[in-house]
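Architecture and fold: a report
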Amino acid sequence: MGLPDHYLTEGERVVLSFHPHWKRLILPFLALIVVLAAAGAALFLIPGDYEYAGYARIAVAVVALVALTLWTFIPYLRWTTTSYTLTSHRFAISTGILNKSDDDIPLAKVNSVSSDQRFVERLLGCGTLRVESASEKGEIDYRDIPKIQLVRQELFRLVEDASDGNIDGR
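Scope of this entry: the structure provided in the associated data block.

1. Re the environment of Gly-11
- If you trace the backbone, Gly-11 turns up in the segment before strand E1 (14-18).
- Separated by 78 residues in the primary sequence, Gly-11 and His-89 have C-alpha atoms spaced 8.9 Å apart.

Encoded structure:
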């Protein structure tokens, strides 16, 4: 997870590395349960003396497999292949299953850091991190950041260190 050591520049160190919050997996998990229950019920209700029972069971299995792939497996892969890495020099975001997208925000270019949390997100300890940088993208929102207060605090501290010229945080 995060940046491999060979992607780090000289003197750069990883401060935090994490995936989006696990709450993104709640709906895929519920879809897994519903699809398996529906497929099990459909297989049970297909009469054994039905002429095309074998084809019906194959059809149920194929539909269940497609539904599981779309509603459970792909969201899980998106979650697991999305990583956020906060280093002493940058905030790196990596996303993508087949096609990979990497965004790096140099800490020296960050103007402000803020966070938003709804009530449920406060209970779960996650939220939206808003990073405003002096780049073409401007203000960027990153949703479902776990331990949002810790991440915001560390990012703010590292931004302050970068603006003071104290890159290593010492």
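Structure shown, so let's carry the discussion forward.
2. Looking at unusual backbone geometry
- Here Asp-144, not a glycine, exhibits a phi torsion of approximately 60°, which is positive.
- Turning to its location among the elements, Asp-144 is positioned in strand E7 (residues 139-146).
- Among the residues examined, Asp-144 registers a relative accessible area of 4% and is labelled buried.
- One non-glycine residue, Lys-147, lies in positive phi territory at about 45°.
- Counting through the fold element by element, Lys-147 comes out in the loop between E7 and helix H4 (148-164).

3. Thoughts on the sheet that holds strand E6 (residues 126-133)
- What the three strands build is an open sheet, ordered E5-E6-E7; its pairing is antiparallel. Strands with a single pairing partner mark the edges of an open sheet, and in this sheet they are strand E5 (110-116) and E7. Ignoring which end each strand starts from, the neighbouring axes of this sheet average 20° apart.
- Bridge count between E5 and E6: six bridges; the pairing is antiparallel. Bridge pairing links Val-110 to Ser-133 in E6.

4. Considerations on the packing of aromatic side chains
- Counted by the stated rule, this structure contains seven aromatic pairs.
- Both rings, one in Phe-91 and one in Tyr-142, keep their centres 5.6 Å apart while their planes meet at 85°; by these two values the pair is edge-to-face. Here the residue Phe-91 occupies a position in strand E3 (residues 90-95), and Tyr-142 occupies one in strand E7, the gap between them amounting to 51 residues. With respect to class, Phe-91 is no different from Tyr-142; both count as buried.
- Site record: aromatic cluster; members linked through ring pairs are Phe-18, Tyr-84, Phe-91 and Tyr-142.

5. Brief notes about the sheet that holds E3
- Strand order in the open sheet formed by four strands is E1-E2-E3-E4, with antiparallel pairing between adjacent strands. In this open sheet, the two edge strands, each paired with only one partner strand, are E1 and strand E4 (101-106). The average undirected angle you get between the axes of adjacent strands in this sheet is 10°.
- In the sheet, E1 pairs with strand E2 (residues 83-87) via four bridges, with the strands oriented antiparallel. Across the sheet, Ser-17 pairs through a bridge with Thr-85, a residue of E2.

What counts and what doesn't
Residues numbered from 1 in each chain as written. Predicted model: local features only at pLDDT ≥ 70, side-chain atom pairs only at ≥ 80, totals over all residues. Heavy atoms only, no water. Helix = DSSP H or I, 4+ residues; strand = E, 2+ residues; numbered from the N terminus. Buried < 20%, exposed > 50% of the residue type's maximum accessible area, 1.4 Å probe, protein only. Pairing = 2+ DSSP bridges. Axes fitted to C-alpha atoms, helices over the stretch in contact; angles between N-to-C directions. Phe/Tyr/Trp six-rings, centres within 6.5 Å; stacked < 30°, edge-to-face > 60°.

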